[in-house]
Amino acid sequence: MICEKHNFNYEPKKFSIAGTSYEIGCPLCEEERRKIQDKITKEEQQEAKVELKKIENEKKLQAQNIEKEYFNATLDNYITKTESQASALRAFKSLVNDDDVQKIILLGDNGVGKTHLGSAAVKILDGVIMTAYEISLFIRDGVAKGEEKKRLDIVSSYPLLVVDEWFRTKMSDAERNWHSYIFDKRHVRGLKTVLMGNGHFRRDCLSGGCAKCLETTLDNDSISRFIQRGIILSVVGPDQRRENWKQEK
């Protein structure tokens, strides 16, 4: 037989399996089909590996309590439009790169990128981000199960703990004690801690003192621990969520 594609003379081979006849045609055509099939198989395997890596990465992010909105958050893609945002970015770069900086308190309004920075740092330092409410809920569940001390030690042991939405809950005395214990343990263990929320310093309070003042919600011992080897700052800027919404509209 002559293969018209390759202008190649070949002898077809016939064989039978379970009563069904098969014929192998041009060996050059067969080789081309095999290479194409191998290529497709390798591409499928590579695609499967990429998809599996993506799934595993998302599972890790979920275990770190990072919301889907911030899966792609990095320090490099944090948008700075004000000097205070640039200062916040420098502070977080120091936190992840410099052992001399172990703590940050970051105050500011909605949409200035606090959770973006916190989530990015958590990914770098293999930590966890939790709201103050989530921490209290976790400890309270431990109290009901007789595991209060165990739960406190778990939260006190992450390489990096980012406490978000600090001002969103009215804390009971027990909750204040839990958080004070956590901040103290992390301080003496040299573990990195970030506290963030939509609040302000008392010196900037229009009322001269309110529930949104940092000094109202955090005891003096904890503030002292954050000051040591820490950075405390307030960030201002446009609400990026509103900006994105306007662009979408």
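Below, the structure is looked at part by part. (Residues numbered from 1 in each chain as written. Predicted model: local features only at pLDDT ≥ 70, side-chain atom pairs only at ≥ 80, totals over all residues. Heavy atoms only, no water.)

1. With respect to the overall build of the protein
- The helix and strand inventory of the protein stands at nine helices and nine strands.
- Projecting the C-alpha coordinates of the protein onto the three principal axes gives extents of approximately 95 × 50 × 35 Å.
- Burial statistics for the protein: of 249 residues in total, 37% are counted as buried.
- Long-range pairs, those at least 24 residues apart, make up 71% of the contacts in the protein with a sequence separation of at least 6.
- Summing over all exposed atoms, the protein offers an accessible surface of approximately 15400 Å²; the carbon and sulfur share of this is 49%.
- Considering the protein, the positive charge centre built from 41 side chains and the negative charge centre built from 39 side chains are found 2 Å apart. (Helix = DSSP H or I, 4+ residues; strand = E, 2+ residues; numbered from the N terminus. Buried < 20%, exposed > 50% of the residue type's maximum accessible area, 1.4 Å probe, protein only. Contact = heavy atoms within 4.5 Å. Areas by Shrake-Rupley, 256 points an atom, 1.4 Å probe, with all protein chains shown as cover. Lys, Arg positive; Asp, Glu negative; His and termini not counted. Charge placed at Lys NZ, Arg CZ, Asp CG, Glu CD.)

2. Focus on the packing of helix H6 (residues 173-188) against helix H8 (residues 220-227)
- For the pair H6 and H8, interaxial distance at closest approach is 10 Å and the crossing angle is 30°. Taken together, the axes of H6 and H8 are roughly parallel relative to one another. Crossing of H6 over H8 shows left-handed handedness. Side by side, H6 and H8 meet where Ser 180, Phe 183, Asp 184 and His 187 of the first sit next to Ser 222, Arg 225 and Phe 226 of the second.
- Class assignment for the residues of the contact of H6 with H8 results in two nonpolar, three polar and two charged. (Axes fitted to C-alpha atoms, helices over the stretch in contact; angles between N-to-C directions. Parallel < 35°, antiparallel > 145°, perpendicular 65-115°, else oblique. Left-handed = near helix turned anticlockwise from the far one by under 90°. Nonpolar A, V, L, I, M, F, W, Y, C, P; charged D, E, K, R; others polar.)

3. Focus on helix H2 (residues 83-97)
- In this model H2 runs 21 Å from its N-terminal to its C-terminal C-alpha over 15 residues, within 8% of the 21 Å that 1.5 Å per residue would give.
- When H2 is considered as a whole, its buried residues turn out to be Ser 84, Gln 85, Ala 86, Ala 88, Leu 89, Ala 91, Phe 92, Leu 95 and Val 96.
- The secondary structure elements touched by the buried residues of H2 are strand S5 (103-108), helix H3 (114-125), strand S7 (160-164), strand S8 (192-197) and strand S9 (230-235). (Expected span 1.5 Å × (residues − 1).)

4. What about the layout of surface pockets?
- Each pocket or cavity is described by its volume, and for the second largest pocket that value is around 190 Å³.
- Along the walls of the second largest pocket sit Trp 166, Phe 167, Arg 168, Thr 169, Lys 170, Met 171, Arg 176, Ala 211, Thr 216 and Thr 217, which together make up its complete lining. (1 Å grid on protein atoms, 1.4 Å probe; cavity = no way out; pocket = protein on both sides within 12 Å on 5 of 7 lines; lining within 4 Å. Points joined across faces, edges and corners; volume = space filled by probe spheres on them.)

5. Some words on the nonpolar core
- Among the nonpolar cores identified, the biggest contains 28 residues, and Phe 92, Leu 95, Leu 106, Leu 117 and Val 194 are the most heavily contacted of them.
- Put simply, the parts of the chain that give this core at least two residues each are H2, S5, H3, S7, S8 and S9.
- Broken down by element, the residue count for this core peaks at six residues, all from H2.
- Ignoring any residue separated from it by four or fewer positions in sequence, one finds Phe 92 in contact with Leu 75, Ile 104, Leu 106, Leu 117, Gly 118, Ala 121, Val 194 and Met 196. (Core = buried A, V, L, I, M, F, W, Y, C linked by side-chain atoms within 4.5 Å.)

6. Quick word on the environment of Ile 129
- Tracing the backbone shows Ile 129 in strand S6 (residues 128-131).
- For the pair Ile 129 and Asn 65, spaced 64 residues apart in the sequence, the C-alpha separation amounts to 5.7 Å.
- Beyond its immediate chain neighbours, meaning those up to four positions away, Ile 129 contacts Gln 64, Asn 65, Ile 66, Thr 115, Ser 119, Val 122, Glu 134, Val 162, Asp 164 and Met 196.

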